[in-house]
Amino acid sequence: MPADPLPDPAALELARHLHAELCAKWKALRLPASWTPGHPAPPVEPGWQAASVPPSLRRRRAELIVAASDTAATLRGVQAGADAVVLDLDDTFSPRAGNLRRAYANFQTFAAVPRPFLTRVRPLAHREGRVSFDGQPAVAGLLDLAVYAHAFREREVVLYLPKLDSVPEAWFWKRALELTEHWLGLPVHSVRVCLQIETLPGLMNAEALLHALHTYAYGLNAGRWDYVFSVVKHLGERPEYLLPERARLGMQQPSMLAYALHIAQVCHRNGAQAIGGTAAVSLTGDPGRDEAALEGVRLDKAREAAQGFVAAWAGSPELLDAVRGAFGADAPLPVPADHHGTDHAVADHLSAALTLPKAGSIPDVAVQDAVSVALAVFGAWLAGVGEVARAGRSEDTATAELARAQLWHWRRRGVLSEADYLRWRRAELPDHIPAAQLLDALVCSEHCVPYFPALAEQMFPED
């Protein structure tokens, strides 16, 4: 087993305390959450408001998302004038090859840099086998919380909480934040979080999730590709759904517009900020192609601003200006374009989110693209790289999760045979390559595996 990645014994003691207090509650959570269409969201009492926005983020418009282990990219973002930097331990991050140790060291380093820094911790379902408490692997998100909060305890402690599905998960995080504040001697309810709405259950429960954490939560964030992955995972075996390729699931598609609008409206109803998705194009150096890509970013962010979002993520420093320019310099809380806010309107938007496009068949080019994306990201992830540039797009865990889930879904629905899948996969990589073995295990599984990093670490543990 690799060496303990924690750089600070004091942070380790906080992590140990969180696990001692919360281990039983964590085991009682249903991870991943089950959900079926028609399942009602928990009721929410009236008359509440979300927590205040952290002072350093009230005027920000473009947040740079960067793997927490990537010191050079973080420094480039600071020098490029990012309004804030998100040190990511989730989709753009691979916890292998010493990256976790570097990420945790970077928390210490950047706590001294006068720029707003947030972190995105790992999902609750992820375990960290290199650190154990009472003989049990650590809950990765609690470990990340402890190290980050300890490093930034004399500044603002601001986190993104990913992949929330259910109110019990929100209550779990609420208790973790309370324990962290008490342990570090921070003022009560001084930690701030933004909740990522990037699962289908999370969208249906968005208002209840925000309410459960409203003494800490100042906003909701739209995580597009993780959300579409979740849609495939939850609905992929139902006979009424045959979901199309990624190119047909863009943000102008009605169900995706409803997804984004619902997030913005929940925020508007409750005094929270809506934070848009990631601009994740990869510039190529070709002036014509790059300008077209930047114009696509501007249009996408202009759509979000019109819907009521106040800021968004940039996947690289080169995209900061395109993201920032789409949002006004003032108006901290725009009103969504459709701002009726009634219970009837909410139900209509959630119904529209489930009115998904259907496919009669899947073109070969879509199968080839999904196979290629998944293999590229899996190979990089296993080597300790969380993000790859491919054909003008930046691909990471989220897009790889979608690609492998689509392949599983198409196989399960009978539009892609296992033999044809293997033919496409073998055209990319032979059977003995770990990335190929991982993709085969995911695509040929009876059910959609919830989270590929967990299976990857089981199949290919680090020495």
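Here is what the cut-offs are and how they apply
- Residues numbered from 1 in each chain as written.
- Predicted model: local features only at pLDDT ≥ 70, side-chain atom pairs only at ≥ 80, totals over all residues.
- Heavy atoms only, no water.
- pLDDT = per-residue confidence, 0-100.
- Contact = heavy atoms within 4.5 Å.
- Axes fitted to C-alpha atoms, helices over the stretch in contact; angles between N-to-C directions.
- Helix = DSSP H or I, 4+ residues; strand = E, 2+ residues; numbered from the N terminus.
- Parallel < 35°, antiparallel > 145°, perpendicular 65-115°, else oblique.
- Left-handed = near helix turned anticlockwise from the far one by under 90°.
- Nonpolar A, V, L, I, M, F, W, Y, C, P; charged D, E, K, R; others polar.
- Polar contact = N/O pair within 3.5 Å; in protein donor to acceptor, adjacent residues only side chain to side chain.
- Disulfide = S-S within 2.5 Å.
- Buried < 20%, exposed > 50% of the residue type's maximum accessible area, 1.4 Å probe, protein only.
- Pairing = 2+ DSSP bridges.
- 1 Å grid on protein atoms, 1.4 Å probe; cavity = no way out; pocket = protein on both sides within 12 Å on 5 of 7 lines; lining within 4 Å.
- Points joined across faces, edges and corners; volume = space filled by probe spheres on them.

**Q** What am I meant to see in the confidence of the model for the chain here?
**A** Any residue range with low pLDDT should be treated as having predicted coordinates unsuitable for detailed reading. Confidence along the chain averages 93 in pLDDT terms, with 95% of residues attaining 70 or more. Per-residue pLDDT stays below 50 along residues 331-335; that stretch engages in 16 contacts with residues further than four places along the chain or on separate chains.

**Q** I would appreciate a short explanation of the packing of helix α15 (residues 418-428) against helix α16 (residues 434-443) in the present structure.
**A** Between two packed helices, what matters for the description is the angle formed by their axes and the separation of those axes. Where α15 meets α16, the axes come as close as 11 Å, and the angle between the chain directions of the two elements is 160°. Between α15 and α16, the angle falls in the class roughly antiparallel. Regarding α15 and α16, the two cross each other, and that crossing is right-handed. Across the interface between the two elements, Y421, L422 and R425 from α15 touch A436, L439, D440 and V443 from α16. A per-class count over the contact of α15 with α16 returns five nonpolar, no polar and two charged.

**Q** What exactly am I supposed to notice about the side chain of S394 here?
**A** Looking at where S394 falls in the secondary structure, it is placed in strand β12 (residues 393-396). Within the structure, S394 has its side chain in polar contact with the side chain of E387 (distance 2.5 Å). Once residues within four sequence positions are removed from consideration, S394 is found in contact with A280, V281, S282, E387 and V388.

**Q** Where do I start with the state of the cysteines in this structure?
**A** Here, the word disulfide means a covalent bond between the sulfur atoms of two cysteines. Scanning the entire structure with this criterion turns up zero disulfides. Between C267, a free cysteine, and C194, which holds the nearest cysteine sulfur, the sulfur-to-sulfur gap is 7.4 Å. With relative accessibility at 1%, the residue C267 sits in the buried group.

**Q** I tried to follow the sheet that holds strand β3 (residues 117-120) on my own but got confused; where do I start?
**A** The pairing of strands in a sheet comes from backbone hydrogen bonds and takes either a parallel or an antiparallel form. On the basis of which strands lie adjacent, the closed barrel formed by eight strands has the order β1-β2-β3-β6-β7-β8-β9-β10 and parallel pairing. Strand-to-strand twist of the sheet, defined as the mean angle between neighbouring strand axes without regard to direction, takes the value 30°. Strand direction decides the pairing type here: strand β7 (residues 192-197) and strand β8 (residues 217-222), joined by five bridges, are parallel. Paired with C194 across the bridge in β8 is G219.

**Q** What is the right way to look at the environment of V297 in this model?
**A** Note on placement: V297 falls in helix α10 (residues 287-307). For the pair formed by V297 and A326, sequence separation is 29 residues and the distance between their alpha carbons is 8.9 Å. Not counting chain neighbours up to four residues away, the residues in contact with V297 comprise A279, V281, A322 and V323.

**Q** How should I be thinking about the layout of surface pockets in this particular structure?
**A** Gaps left between atoms are located by rolling a probe of water-molecule size over the structure's atoms. Considering only enclosed or pocket space, the largest pocket measures out at about 730 Å³ in volume. At the level of secondary structure, the elements contributing two or more residues to the lining of the largest pocket comprise β8, α8 (224-235), β9 (273-279), α10, β12 and α14 (397-412). Ranked by the residues each element gives to the lining of the largest pocket, the list is headed by α10, at eight residues. Here the residues of the lining of the largest pocket are counted per class, giving 13 nonpolar, 11 polar and 14 charged.

**Q** Would you mind showing me how to read unusual backbone geometry here?
**A** Note on backbone geometry: most residues besides glycine have negative phi, and most peptide bonds are trans. P32 follows L31 through a cis peptide bond whose omega is -5°. Relative to the helices and strands, P32 resides in the loop between α1 (9-28) and β1 (62-67). Positive phi, close to 55°, is recorded for A97, a residue that is not glycine. Assignment of secondary structure puts A97 in the loop between β2 (84-88) and α3 (99-110). By relative accessible area, A97 is classed as partly exposed at 39%.

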